[in-house]
Amino acid sequence: MFEIRGSLVTFAAAVQKIEGLELIDEEELAADEDDKEPVAYLMMPDVRALHELVSLWRRWQRGEELGRGLTPWRDVFALLRDLRSWGPDDRVRPEDGNFLTDEIDGRSDDERVLLEIELVFRSNDNDADRAEVAVRNAITQFDGRIVSRSRIEDITYHAVLAELPVLQVRAIIDRSSKSIAGLDPVMYIRPQSVATSIGLGEPSDLRARADVGRLDVPVLALLDGVPVAAHPHLSQHVTVDDQFGLEDGALVTERTHGTAMASLIIHGDLNRQEAALPRQIHVVPVLGRDDKFPPDQLVVDMIYTAIIAMRSGEEPTAPNVLIVNMSLGNSRRPFHGQLSAWARLLDRLAYRFGILFLVSAGNIVDSFGVEAFATRTAFEDAPPSERRTGVLQALGNIVADRRLLSPAETVNGLTVGASNDDWVGAKERSSQVNIDPYPDMRISNPSSALGPGFARSVKPDILMPGAREHLRVVRNDAYIDVKPVQASRSAGIKVAAPPRDGRENAEGFTNGTSAATALASRTSHRIHDALEAAYGEAFTRLTHRERAVVLKALLVHPAQWPDKAASLIRSTIGPPDGKYHAQQRDNIRRFLGYGFVDGDDAVACAADRATFWAVGTLEGNKTATVHVPVPAAIGGKSQFHALSATLAWFTPVSPGRKSYRAVRLELLEPEEIDSLSVKSFTDQPDANQTKRGTVISRRWAGYKAPMVTADMTIPLSVQRNPDQGAQIDEPVPFALAVTLTMPGVVEIYEQVRQRLAVRQLAPA
């Protein structure tokens, strides 16, 4: 393990000069100003090589000559604070130690605590068995017991769920070499995962819904809490697959999370009275009593088991599922650069089965200080412009503490943040007594977790409505502390609710990224239905992977930064100097990702714009080109017009190798773009920032008249770059969504439609 002094990028450049040396995830390394003590991991062929390297480091520390041919190591060592073997300090990371300290606070030495102990993955089964036996024996010696275990070769994951007395947990927190933290087979020790939760405000009486008749088989699955399956809003729409036997132990009155998420996916916000989805949804409960993860299960193993049962084996339970909603997260696992096993699992399953995972960014509901205001009265009486600037500046000061919650760092999945949108009427809104920090603009909610993602990729990918979140002042001192408040009828999204306050079945209100993710899943389903209706078998006969990446591209495609929000973040968080435009965009994307998606807009048609999609697979070092037909109607008109393109794919992943994201695609800038008289749009993530994930979304716009010729096309080329690390021979599925628009020119859609034919791409 290398503890680095300074920039990871500089260090990686020095390492590259040493032949045969590889860093894990070397191609993904990027400087992170929030990481004050960066580390990197070296791939060593064996223990002997490791010992030789440590010996060389000690010689350099003593000022001795390194010897003939070893000069490049001098440059590497000069960038290090330390080089050492894996030890107790690495097995218990600071944030995990803090969570463990909170867990045992006030508890007696003999009380029991559940820990997730991840082992160093060994590919050889015999070696893996010996390592697990060694850990089991040690746990027994320390008066503990193994509750559950899992080994998933697909994602190089090997872990046990263990119960230990508080006394032994204290030794682990102290990083004692005589505790479990001193065992060589152990990679990490963490407290058991804790599910993120939601509040449910102000239950109300149920409104009747019409009978929906026969519904089609599911293409969407919900992994969540046990729903109230008999609820009138859900009974005809859900199939519950209780794989883990959680239904009997979950009291009906506690089934809040699963009921709310199922309701949102099926019906949307009940305030809107939208049409229900035309298919059932497949629900697999992974939360049990009190909407918590069961105490005898590893959540990674549960998710793996659930997906395998749905899509694999002789009798898969939901073989047609393309979309999986995961409005869940581990509140004890904020993302700090290292992928969680849960995220790695979603990435692997997405590519293997062709599944679009929609994952909530997470809600950070802790109070935070707003230094711009000394008192509650000052906060309440301030003009809206001062309130929003003060709150945003406060959030900008603590971005490192408001990171995504695992598994939101997923590379192949889409991560959804919550925007301050709902459909509450003006009359109900006026009754709100708490403070709306952003009353006149669309922006991410204060509690919505912030990016970036793995390798500084764009995260969250999109924002969807998560209700207009209000703040309550909880402390007055030198300045105020504020805290997000629970949803209500005056600031919330209306959902089905379990029995409450004497109501056998009820409706209530929720908010946050869980709700936003459910609405994103609903929108993906609506996109699927629209494609099925428009293209029939041309769409349904595509492979699972191809259909899933089409949905992925089309969901992100309409996302745009809200103008006021982008301007506010730019002016408030900065940097103020315009020459730092890339850093300004970096700060904006932390909050907004690619932008807000209007669910209706994502599936709507309009005469003055044309959206089409292409799908295919790319083998190594190949390129596919889509020729975008330019309608004659936009020629010669000096008014706003735009071309936007979104590329999405599923990459194979290589955990623990030189590059985790094994396949990189690129959307090449077309030379012919100048003929449209457009330039790269300024209010979008920087082009270099968009290349780090598995979605690339670009927009070009202008006001000058395009010079359109007969049968003119703009070629958009998708290029598969050379794979890094382990060679991947498999074709990679990708989809490209493209829109041409000139508002008010109603001939655009029809002219483009006449020149297009539905077909699959063949790689060049």
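Reference entry: report on the structure contained in this document.

Some remarks on helix 5 (residues 94-104)
So, step 1. Listed in full, the buried residues belonging to helix 5 are Asp96, Gly97, Leu100 and Ile104. Around the axis of helix 5, the buried residues are gathered within 100° of arc, so they sit on the same side. When the buried face of helix 5 is taken as reference, the exposed residues oriented beyond 90 degrees from it are Pro94 and Asp102.
So, step 2. At its buried positions, helix 5 is contacted by strand 4 (112-119), helix 7 (166-173) and strand 7 (186-191).

Concerning the pattern of salt bridges
So, step 1. Tallied over the full model, the rule gives 42 salt bridges.
So, step 2. Glu163 is the partner of Arg112 in a salt bridge, and the nearest nitrogen-oxygen pair spans 3.6 Å. With Arg112 in strand 4 and Glu163 in strand 6 (residues 157-165), this pair connects stretches of sequence that are 51 residues apart.
So, step 3. The exposure class of Glu163 is buried, given its relative accessible area of 17%.
So, step 4. Between Asp683 and Arg570 there is a salt bridge whose closest N-O contact spans 3.0 Å. Here Asp683, found in the loop between strand 25 (679-680) and strand 26 (695-702), pairs with Arg570, found in helix 17 (residues 563-572); they are 113 residues apart in sequence, far enough to count as distant.
So, step 5. Using a relative accessible area of 15% as the deciding quantity, one classes Asp683 as buried.
So, step 6. It is possible to trace a salt-bridge network through shared partners that takes in Arg272, Glu274, Arg522, Arg526 and Asp600.

Notes on the packing of helix 12 (residues 384-397) against helix 17
So, step 1. Taken N-terminus to C-terminus, the directions of helix 12 and helix 17 make an angle of 65°; their axes are 10 Å apart at the nearest point. The element helix 12 and its partner helix 17 pack so that their crossing is right-handed. Across the interface between the two elements, Arg388, Thr389, Leu392 and Gln393 of helix 12 pack against Leu568, Ile569 and Thr572 of helix 17.
So, step 2. A per-class count over the contact of helix 12 with helix 17 returns three nonpolar, three polar and one charged.

A look at the sheet that holds strand 3 (residues 80-83)
So, step 1. Strand order in the open sheet formed by three strands is 2-1-3, and the pairing between neighbours is antiparallel. Of all strands in the sheet, those bounded by a partner on one side alone are strand 2 (39-40) and strand 3.
So, step 2. Here strand 1 (residues 2-4) pairs with strand 3 via three bridges, running antiparallel. Across the sheet, the residue bridging to Glu3 is Asp82, located in strand 3.

Looking at the packing of aromatic side chains
So, step 1. On inspection of all chains with the given rule, the structure shows 11 aromatic pairs.
So, step 2. Relative to Trp613, the ring of Tyr535 lies with its centre 5.2 Å away and its plane at 90°, an arrangement referred to as edge-to-face. Remark: Trp613 occurs in strand 21 (residues 609-618) and Tyr535 occurs in helix 14 (residues 513-535); sequence separation between them is 78 residues.
So, step 3. Grouping aromatic residues by their ring pairs yields a cluster made of Trp57, Trp60, Trp73 and Phe77.

A closer look at unusual backbone geometry
So, step 1. Here the amide bond leading from Gly451 into Pro452 is cis, since omega sits at 5°, within 30 degrees of zero.
So, step 2. Inspection of the secondary structure puts Pro452 in the loop between helix 13 (426-429) and strand 16 (462-465).
So, step 3. With an omega of 0°, the peptide bond running from Gly574 to Pro575 counts as cis.
So, step 4. Tracing the backbone shows Pro575 in the loop between helix 17 and helix 18 (581-592).
So, step 5. One non-glycine residue with positive phi stands out, namely Asp291, at about 55°.
So, step 6. You can see Asp291 is positioned in the loop between strand 11 (281-287) and helix 9 (299-311).

Notes on the nonpolar core
So, step 1. Formed by 113 residues in total, the largest nonpolar core has its most connected members in Leu223, Ile303, Ile307, Met326 and Phe357.
So, step 2. No other element matches the nine residues that helix 10 (residues 341-353) contributes to this core.
So, step 3. Residues contacting Met326, with those up to four places away along its chain left out, are Leu223, Ile303, Trp342, Leu346, Phe357, Leu358, Val359, Ser360, Pro407 and Thr517.
So, step 4. If you look at the next biggest cluster of nonpolar residues, it comprises 37 residues, including Leu643, Val718, Leu740 and Val752.

Brief notes about the sheet that holds strand 6
So, step 1. As summarised here, the arrangement of the four strands in space is 5-6-4-7, forming an open sheet in which the pairing is antiparallel. Unpaired on one side and paired on the other, strand 5 (145-152) and strand 7 mark the two borders of the sheet. Along the sheet, successive strands turn relative to each other by an average axial angle of 20°, direction set aside.
So, step 2. Where strand 5 lies against strand 6, seven bridges are found, and the strand directions are antiparallel. Across the sheet, the residue bridging to Ser148 is Leu161, located in strand 6.
So, step 3. Contacts between helix 5 and the sheet are confined to strand 4 and strand 7, with strand 7 contributing the most and set at about 45° to the helix.

Definitions and limits used
- Residues numbered from 1 in each chain as written.
- Predicted model: local features only at pLDDT ≥ 70, side-chain atom pairs only at ≥ 80, totals over all residues.
- Heavy atoms only, no water.
- Buried < 20%, exposed > 50% of the residue type's maximum accessible area, 1.4 Å probe, protein only.
- Helix = DSSP H or I, 4+ residues; strand = E, 2+ residues; numbered from the N terminus.
- Arc of directions from axis to C-beta.
- Contact = heavy atoms within 4.5 Å.
- Salt bridge = Lys/Arg side-chain N within 4 Å of Asp/Glu carboxyl O.
- Axes fitted to C-alpha atoms, helices over the stretch in contact; angles between N-to-C directions.
- Left-handed = near helix turned anticlockwise from the far one by under 90°.
- Nonpolar A, V, L, I, M, F, W, Y, C, P; charged D, E, K, R; others polar.
- Pairing = 2+ DSSP bridges.
- Phe/Tyr/Trp six-rings, centres within 6.5 Å; stacked < 30°, edge-to-face > 60°.
- Core = buried A, V, L, I, M, F, W, Y, C linked by side-chain atoms within 4.5 Å.

That is the geometry; function is a separate question.
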